[in-house]
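# Structural features, examined
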Amino acid sequence: QVQLVESGGGLVQPGGSLGLSCAASGYIFSRYAMNWFRQALGKERELVATITIIGSTNYADSVKGRFTISRDNAKSSVYLQMSSLKPEDTAVYYCNVRLGARNYWGKGTLVTVSP
């Protein structure tokens, strides 16, 4: 019963910061890379950040230098710390893991960047 539950979304002003969390269960968390995706209204879902099992990270060009992905294997959680937020960051943010050939998703948490 793989389950991913995001939290931390909300309304933030441009230039502000926000931290997202994803609590994972139902699999051995430490053995898999974790990802954050986002989907803005009317747009395709895009990969925002990845963290590997050894802690290496990758980011979309649009968020490099502003977002930081991290993980805590003891808590089976992955985080996304966002700073210098822009209106174009407004989206539903999803936690994701690929287990073998299957992708699993959380329900998402909405981040709205607006004055």
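Our subject in this report is the structure included herewith.

Here we take up the sheet that holds strand E8 (residues 77-82). Taken together, 4 strands build an open sheet; the order of strands is E1-E3-E8-E7 and the sheet is antiparallel. At either end of the open sheet lies a strand with only one pairing partner, and these are strand E1 (3-7) and strand E7 (67-72). Taking each pair of neighbouring strands and ignoring which way they run, the sheet shows an average axis angle of 15 degrees. In this sheet, strand E3 (residues 18-25) lies alongside E1 in antiparallel orientation, the contact comprising 5 bridges. Of the residues in E3, the one forming a bridge with Glu6 is Cys22.

Okay, unusual backbone geometry next. For Ser76, which is not glycine, the phi dihedral falls at a positive 50 degrees. When you line up the elements, Ser76 lands in the loop between E7 and E8. Of note, Ser84 is a non-glycine position whose phi angle comes to about 50 degrees, a positive value. Within the secondary structure, Ser84 sits in the loop between E8 and strand E9 (91-99).

Quick look at the environment of Thr50 now. Looking at the secondary structure, you find Thr50 in strand E5 (residues 46-51). The exposure class assigned to Thr50 is buried, which follows from its relative accessible area of 15%. Discounting residues that sit within four places of it in the chain, Thr50 has contacts with Met34, Asn35, Ser56, Thr57, Asn58 and Ile69. At 2.8 Å, the side chain of Thr50 and the side chain of Asn35 are in polar contact.

A few words on the pairing of E9. For E9, the tally of buried residues reaches 7 of 9 residues, placing the bulk of the element in the interior. As judged from the 5 bridges shared by strand E4 (residues 34-39) and E9, these two strands associate in the antiparallel manner. Looking at E9, one finds that Phe37 is bridged to Tyr94. Inspection of the sheet shows E9 paired to strand E11 (residues 109-113) by 3 bridges, in the antiparallel sense. Bridge pairing links Tyr93 to Thr109 in E11. As paired strands, E9 and strand E10 (residues 102-105) are joined by 4 bridges and run antiparallel to one another. Bridge pairing in E10 links Val97 to Tyr104. The antiparallel hairpin formed by E9 and E10 contains 2 residues in its connecting segment, where Gly100 sits at a positive phi of about 65 degrees.

Conventions we followed
Residues numbered from 1 in each chain as written. Predicted model: local features only at pLDDT ≥ 70, side-chain atom pairs only at ≥ 80, totals over all residues. Heavy atoms only, no water. Pairing = 2+ DSSP bridges. Helix = DSSP H or I, 4+ residues; strand = E, 2+ residues; numbered from the N terminus. Axes fitted to C-alpha atoms, helices over the stretch in contact; angles between N-to-C directions. Buried < 20%, exposed > 50% of the residue type's maximum accessible area, 1.4 Å probe, protein only. Contact = heavy atoms within 4.5 Å. Polar contact = N/O pair within 3.5 Å; in protein donor to acceptor, adjacent residues only side chain to side chain.

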